[in-house]
Amino acid sequence: NGNVAIDVLRLLAKSPVEFDGSDIEPEFVDDGVETIHIVGRSPLEKAKFDAVMIKELGGLESANAMIADGDSLVPDSDDQKVSALRTLFGTHKDGAKKTVIFHSGWTVTAFGGDNGKVMSVSLENHKEERRVIDCDSVVSAIGFEDAGTLVENKTLPVPDENGALGGGLFAAGWFKRGPKGTIPENRTDSQSVANSIVAYLDGVSIWQKPGRMALMPSIQDKATTYEHWLAIDERERASAPPGRVRSKIRNRRDMFAIIKEQRVTG
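Just so you know, these numbers come straight off a predicted model, no measurement behind them. (Residues numbered from 1 in each chain as written. Predicted model: local features only at pLDDT ≥ 70, side-chain atom pairs only at ≥ 80, totals over all residues. Heavy atoms only, no water.)

**Student:** How should the pairing of strand E2 (residues 63-67) be read in this particular structure?
**Tutor:** Along a regular strand, successive side chains alternate from one face of the sheet to the other. When you tally the buried positions in E2, you get four out of five residues, the bulk of the element. Two strands pair when backbone bridges link them, and E2 and strand E3 (residues 98-104) are joined in this way by five bridges, in the parallel orientation. In the sheet register, alanine 65 faces E3, and the bridge partner there is valine 100. A crossover connection joins E2 to the parallel E3 through helix H3 (residues 80-89); in handedness this β-α-β unit is left-handed. (Buried < 20%, exposed > 50% of the residue type's maximum accessible area, 1.4 Å probe, protein only. Helix = DSSP H or I, 4+ residues; strand = E, 2+ residues; numbered from the N terminus. Pairing = 2+ DSSP bridges. Right-handed = clockwise from strand over helix to strand, strands pointing away.)

As structure tokens, this is what we get:
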């Protein structure tokens, strides 16, 4: 029940026309989905999504949202998220072809299926009550796992508000603040830390250190500049299919090919 889950939910709940003006490739739009169940371990009022995500979900004309039978309603509250949920569940759109059903306070205990095809999901709540949902697809969006980073942030000094750890080291995003915040928040944080690094470099004489000359040949063909990013951006916009703002380039190989062209042509 976090923001990623709501992002996935919106992608499934939209009609093809609601993707107009986006960068989602038309080939990936599937309008055959009719019923979407979203399962969360927390009560809805304690779920980790933001109010703005629920408001955007409520703005879709293609789907109606409801709480699963037997689950509790969102309590009265002045909280923005709770208010957004009550508005979402209290709005019915005539002609909507899709239904979104929220299951709150349930944990997935098992998947059922046959011949490698999922056919059901079993749930259980804190009262040891059980529920089974028939389905044909499952998308997992339950947070993240540490894949084994070389340095754990808990072993480092606490960064200051500019992300500085001391000794020329800086931290940004989740590494700095923990797993919280939306993309705009993390972007703003990263920009702030980048400015701190630039200010730090202005006062440090590093350019004549002997290791730099050995390092540069190994990275100069891999390093990218803002001009390179603009070249990629221009190519994506120029190749946009009808109804889309761009056609995303989805691998580094193709991005570097464009960068190589840009280096040659200037």
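**Student:** I would appreciate a short explanation of the sheet that holds strand E1 (residues 35-40) in the present structure.
**Tutor:** The strands making up a sheet are joined through hydrogen bonds of the backbone, oriented either antiparallel or parallel. Overall, parallel pairing links the three strands, which are arranged E1-E3-E2 in an open sheet. Of all strands in the sheet, those with a lone pairing partner are E1 and E2, marking the two edges. Geometrically, the sheet is characterised by an average inter-axis angle of 20° between neighbouring strands, direction not taken into account. Pairing between E1 and E3: six bridges, direction parallel. Note on E3: the bridge partner recorded for valine 39 is histidine 103. (Axes fitted to C-alpha atoms, helices over the stretch in contact; angles between N-to-C directions.)

**Student:** Looking at this structure, I do not really get the sheet that holds strand E6 (residues 130-134). What am I missing?
**Tutor:** Here three strands make up an open sheet; going across it, the order is E4-E5-E6 and the pairing antiparallel. The open sheet has two edge strands, strand E4 (107-114) and E6, and neither has a second partner. On average, adjacent strands in this sheet sit at an angle of 25° to one another, irrespective of strand direction. Relative to E6, strand E5 (residues 117-124) runs antiparallel, the two being bridged by five bridges. Within the sheet, the bridge partner assigned to serine 122 lies in E6 and is valine 132.

**Student:** Just checking my understanding: could you explain the side chain of asparagine 3 for this structure?
**Tutor:** Along the chain, asparagine 3 falls in helix H1 (residues 3-13). Setting aside residues no more than four positions away along its own chain, asparagine 3 makes contact with Lys48, Phe49, Asp50, Met53 and Thr182. (Contact = heavy atoms within 4.5 Å.)

**Student:** I tried to follow the packing of aromatic side chains on my own but got confused; where do I start?
**Tutor:** Within a pair of aromatic rings, the relevant descriptors are the distance that separates the centres and the angle that separates the planes. Following the criterion strictly, the structure yields three aromatic pairs and no others. Ring geometry for phenylalanine 89 against phenylalanine 102: centres 5.4 Å apart, planes inclined by 80°, an arrangement best described as edge-to-face. Of this pair, phenylalanine 89 sits in helix H3 while phenylalanine 102 is found in strand E3, placing the two residues 13 residues apart along the sequence. Between phenylalanine 170 and tyrosine 200 the ring centres are 5.7 Å apart and the planes differ by 70°, which places this aromatic pair in the edge-to-face class. Remark: tyrosine 200 occurs in helix H5 (residues 183-202) and phenylalanine 170 occurs in strand E8 (residues 169-170); sequence separation between them is 30 residues. The side chain of lysine 14 reaches across the aromatic face of phenylalanine 19, ending 5.3 Å from its centre. The aromatic ring of phenylalanine 49 is capped on one face by lysine 81, whose charged end is 5.8 Å from the ring centroid. (Phe/Tyr/Trp six-rings, centres within 6.5 Å; stacked < 30°, edge-to-face > 60°. Lys NZ or Arg CZ within 6 Å of the ring centre and 35° of its normal.)

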